[in-house]
Amino acid sequence: MLARRTILLAMLALSPLVAVCAYAGPTSGINRAYMDTTCSPCADLYRYANGRFMDTADIPPAYSSIGIWTEMGDRNQAVLKSVLDRAAANADAEEDPTLAKLGHFYRSLTDSVRMDREGITPLAAELRFIDGLGSAADLGRAFQRYASLGIRFSGALVPFGFAAEVDPKNSATVIAQVSQGGLGLPDRDYYFRTDDKSAAQRDAYRAANAKLLAWSGMPETDARRAADAAFQLETALAESSLSRVQMRDPAALYHPMTVRELGALAPTLDWPAFFEGAGVHALAASDARLDVSMPGFVRGLNAQLTATPIETWRVYMKAALLRRYGPWLGHDAFQIAFDLQRVSSGQAEPQPLWKRATQACDISMGQALGKAFVAQAFPASSRERALEMVANFRAVFAERIDSRPWMSAATKQQAKAKLEAILQKIGYPDHWRDYSGLVVDPKGAAVANLMAAQRFEAKRQMAKIGRPTDRTEWVMTPPTVNAYYEPLTNEICFPAGILQPPRFDPAADDAANYGAIGETIGHELSHGFDDEGRQYDGAGNLRDWWTPEDAKEFKARADRVVAQYDAYVGVDTLHVNGRLTLGENLGDLGGLVLAYHAWQRSLKGKPSPVIDGFTAEQRFFIAHAQSWRTKMRAEAMRQRVLSNPHAPPVARTNGPASNMEEFRRAFGCKSGDPMVRDGDRRIEIW
Ligand SMILES: [Zn+2]
């Protein structure tokens, strides 16, 4: 639909007749072709703005959804592909060492002929290493080895989490964090849900592990039995794990202790040796301190280290290794991994190899790739306009804090100090990451180069432990179609990848831009004050700065948000989980309110014209709704509702708008309309 519209505009521009009466101002920024105007916005804003798209769009076989995110993601990926194709073609003669590395890396990841020919060979040494593990002491060696491949990427390779984190009670410093982990399914609840679909997903997971083990050379009947035993081990680890909702309480996840105390929780593992082997020499001393987020899990892990036979641990690690690297080991292993993915995504076909390789390049060398992306797709004018918008948000948020009737002067002062301290990152980092320490072998297999990149990143992460926090670091890569707020550094970040049309359209009128990307800016700022974010202060420390009365007032409002979202249905009879999605919903609610008022502020009293037959206020809300335009497969929606902290697109659209008097006024909605929450039902926080 978008391609057709682009062609149409090009033709109009060439026609002298049309040029005479062409509207010279900015575009409306909304797409009428997506709308179902037979549906009243007062009944369902999402349907009104996106109904025709929802009825007519086909989800391509290789996609689990289609809409604004895939449109922007695909366009960004096309830019990355052009960068990578060029880098790969010129890699041998390239003078810029980083671009040469990127070219060689991409080349190895797209060499499907070699992957098919070599099959398991690139992983043979690792499998032999695992075969050689004979005791619990050997297991410790294996955990060290795989921690140095980066636990962030490891899935279940190491049965716990280990990372560098900003110390929640001393945010100026980075400490080590040991947490729960080691599960191959998305979270602990997947091991225990009793419905048919969850049972089928567990069966598919066990079957995929068995097939991968058989593919690696294990006799088939042994593989089946071994995969079942490994699954029992995972289930036991899941039993000791916290749920996603439980993990939304930061105070419950902070347990500073010494390495010696950690050793008392889990004596089977030689922790100083593990830390030393993982490259964190500071933790080799038994009185060194770290944060053990989930002590209960560590106790449960110790029980499994003692009780589970070493053969099962070997299978557990082999299966994890095969799941992680299988997609790069030729067609057969890839197909097994994809069949498993299909169960949760609903995709009929896999993404082409170049796309998967591009994603892997973004994960591994994202800032090198991002630098080229920014040069091609993010003009300085976009950054300036985004900065201007953010300035309006900051000013409006401070005013809104001041005008809250439910908040005392003391808490307001603290809130404004926190707002003032929020660091903003727009587009791309000031300093690009140095990849000179990364060795990419031009003749290496995909798996070897992936491991090299993962080791490089793990080493970079581990080197942070015990050092001052670097607030300039970017957690997302510049081409990413996403944004974040990080409470521990009190920062918002909007990568160049999300500052793109249609979410952020330099050609469009501000009403649409504030309704779309503006909602995102407001969302991230609001995260600093959601039910989790509000527990941190402006410096990023976990410190309660609220008076008890104000905290009570906030919680009462948050509870009503939980109830509002609990009522939305995600798919079939599966409801949205209001507790799981609370932080995001608070972000959405605050985000849209702030966006509306920041936009008003940007107008400086000037009237905004009618464009495309819609008032500016209507365009603001239609653009908001179109910024969530997504058609999703039922499998993917189910996965999202069960494990994603973000509510489905319909709820993200209608949830915040229905609480706004400005929405009701924009469309002349009446009390009693489905999209009008008025009187006692209306929730206003910011
Ligand atoms: Zn969010």
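First, a word on what this report is: a plain description of the structure on this page. Only a predicted model underlies this, so the values are computations on that prediction, with no experimental measurement involved.

**A closer look at the pairing of strand 8 (residues 491–495)**
- Counting buried positions over the 5 residues of strand 8 gives 5, a clear majority of the element.
- Residue alternation in strand 8 divides its side chains into two sets, Glu491, Cys493 and Pro495 and Ile492 and Phe494, and both sets are buried.
- Of the strand pairs in this sheet, strand 6 (residues 423–427) and strand 8 are connected by 5 bridges, and their pairing is parallel. Pairing of Leu423 across the sheet is with Glu491, part of strand 8.
- In this structure, strand 7 (residues 484–486) lies alongside strand 8, joined through 3 bridges in antiparallel fashion. When the bridges of strand 8 are listed, Tyr484 appears paired with Cys493.
- Here strand 7 folds back onto strand 8, and the loop between the two strands holds 4 residues, one of which, Asn490, carries a positive phi near 50°.

**What about the sheet that holds strand 7?**
- A sheet is described by the order of its strands in space; here 3 strands give the open sequence 6-8-7, paired in mixed fashion. A strand with exactly one partner marks an edge of an open sheet, and here the two such strands are strand 6 and strand 7. The average undirected angle you get between the axes of adjacent strands in this sheet is 15°.
- Contacts from helix 17 (residues 380–402) reach strand 6 and strand 8, with the element oriented near 150° to strand 6.
- The strands touched by helix 21 (residues 517–527) within the sheet are strand 7 and strand 8, with strand 8 carrying the most contacts at an inclination of about 155°.

**With respect to the packing of helix 3 (residues 45–56) against helix 24 (residues 616–626)**
- At their nearest, the axes of helix 3 and helix 24 sit 9 Å apart, and the two run at 70° to each other. With respect to helix 24, the element helix 3 is oriented roughly perpendicular. The two elements helix 3 and helix 24 meet at a crossing, and its hand is right-handed. Counted together, Leu45, Tyr46, Tyr48, Ala49 and Asn50 of helix 3 and Phe621, Ile622, His624, Ala625 and Gln626 of helix 24 form the full contact between these two elements.
- Residue composition of the contact of helix 3 with helix 24, by class: 7 nonpolar, 3 polar and no charged.

**Structural notes on the side chain of Lys412**
- Tracing the sequence through the fold places Lys412 in helix 18 (residues 409–421).
- Apart from residues no more than four positions distant in its own chain, Lys412 is found in contact with Ile401, Asp402, Ser403, Arg404 and Met407.

**A few points about the pattern of salt bridges**
- According to the stated counting rule, one finds 40 salt bridges in the structure shown.
- Note that Asp189 and Arg188 form a salt bridge whose closest N and O atoms lie 3.4 Å from each other.
- For Asp189, a relative accessible area of 25% puts it in the partly exposed group.
- It is possible to trace a salt-bridge network through shared partners that takes in Arg433, Glu457, Arg460, Lys464 and Glu473.

**Quick word on helix 5 (residues 97–109)**
- The end-to-end C-alpha distance of helix 5 is 18 Å, a good match for the 18 Å that 13 residues give at a rise of 1.5 Å each.
- The inward-facing, buried residues of helix 5 contact helix 4 (68–90), helix 6 (112–118), helix 16 (353–377) and helix 19 (446–462).
- The backbone nitrogen of Thr98 lies 2.9 Å from a side-chain oxygen of the residue at the head of helix 5, namely Asp96.

**A closer look at the packing of aromatic side chains**
- All told, the structure shown has 38 aromatic pairs when counted by the stated rule.
- Between Phe393 and Tyr514 the ring centres are 5.9 Å apart and the planes differ by 15°, which places this aromatic pair in the stacked class. Residue Phe393 is located in helix 17, and its partner Tyr514 is located in helix 20 (residues 510–515); the two are separated by 121 residues in the primary sequence.
- Note on Tyr514: relative accessible area 1%, which makes it buried.
- Feature note: the residues Phe143, Phe160, Phe162, Trp271, Phe274, Phe275, Trp313 and Tyr316 constitute an aromatic cluster, connected by ring pairs.
- Directly above the aromatic system of Phe529 lies the positively charged group of Lys418, at a separation of 5.5 Å from the ring centroid.

**Thoughts on the environment of Glu532**
- With respect to the element layout, Glu532 can be found in the loop between helix 21 and helix 22 (548–566).
- For Glu532, a relative accessible area of 25% puts it in the partly exposed group.
- Residues Glu532 and Ala372, spaced 160 residues apart in sequence, show a C-alpha to C-alpha distance of 36 Å.
- Beyond its immediate chain neighbours, meaning those up to four positions away, Glu532 contacts Met247, Arg248 and Pro250.
- Within the structure, the side chain of Glu532 is placed 3.2 Å from the side chain of Arg248, a separation counted as a polar contact.

**So, the sheet that holds strand 4 (residues 256–258)**
- The strand order across the open sheet formed by 4 strands is 2-3-5-4, and the pairing between neighbours is mixed. Edge strands, defined here as strands with exactly one partner in the open sheet, are strand 2 (161–167) and strand 4. Geometrically, the sheet is characterised by an average inter-axis angle of 40° between neighbouring strands, direction not taken into account.
- Relative to strand 3 (residues 170–179), strand 2 runs antiparallel, the two sharing 7 bridges. Along strand 3, the bridge assignment pairs Ala164 with Ala176.

Conventions adopted
Residues numbered from 1 in each chain as written. Predicted model: local features only at pLDDT ≥ 70, side-chain atom pairs only at ≥ 80, totals over all residues. Heavy atoms only, no water. Buried < 20%, exposed > 50% of the residue type's maximum accessible area, 1.4 Å probe, protein only. Helix = DSSP H or I, 4+ residues; strand = E, 2+ residues; numbered from the N terminus. Pairing = 2+ DSSP bridges. Axes fitted to C-alpha atoms, helices over the stretch in contact; angles between N-to-C directions. Contact = heavy atoms within 4.5 Å. Parallel < 35°, antiparallel > 145°, perpendicular 65-115°, else oblique. Left-handed = near helix turned anticlockwise from the far one by under 90°. Nonpolar A, V, L, I, M, F, W, Y, C, P; charged D, E, K, R; others polar. Salt bridge = Lys/Arg side-chain N within 4 Å of Asp/Glu carboxyl O. Expected span 1.5 Å × (residues − 1). Polar contact = N/O pair within 3.5 Å; in protein donor to acceptor, adjacent residues only side chain to side chain. Phe/Tyr/Trp six-rings, centres within 6.5 Å; stacked < 30°, edge-to-face > 60°. Lys NZ or Arg CZ within 6 Å of the ring centre and 35° of its normal.

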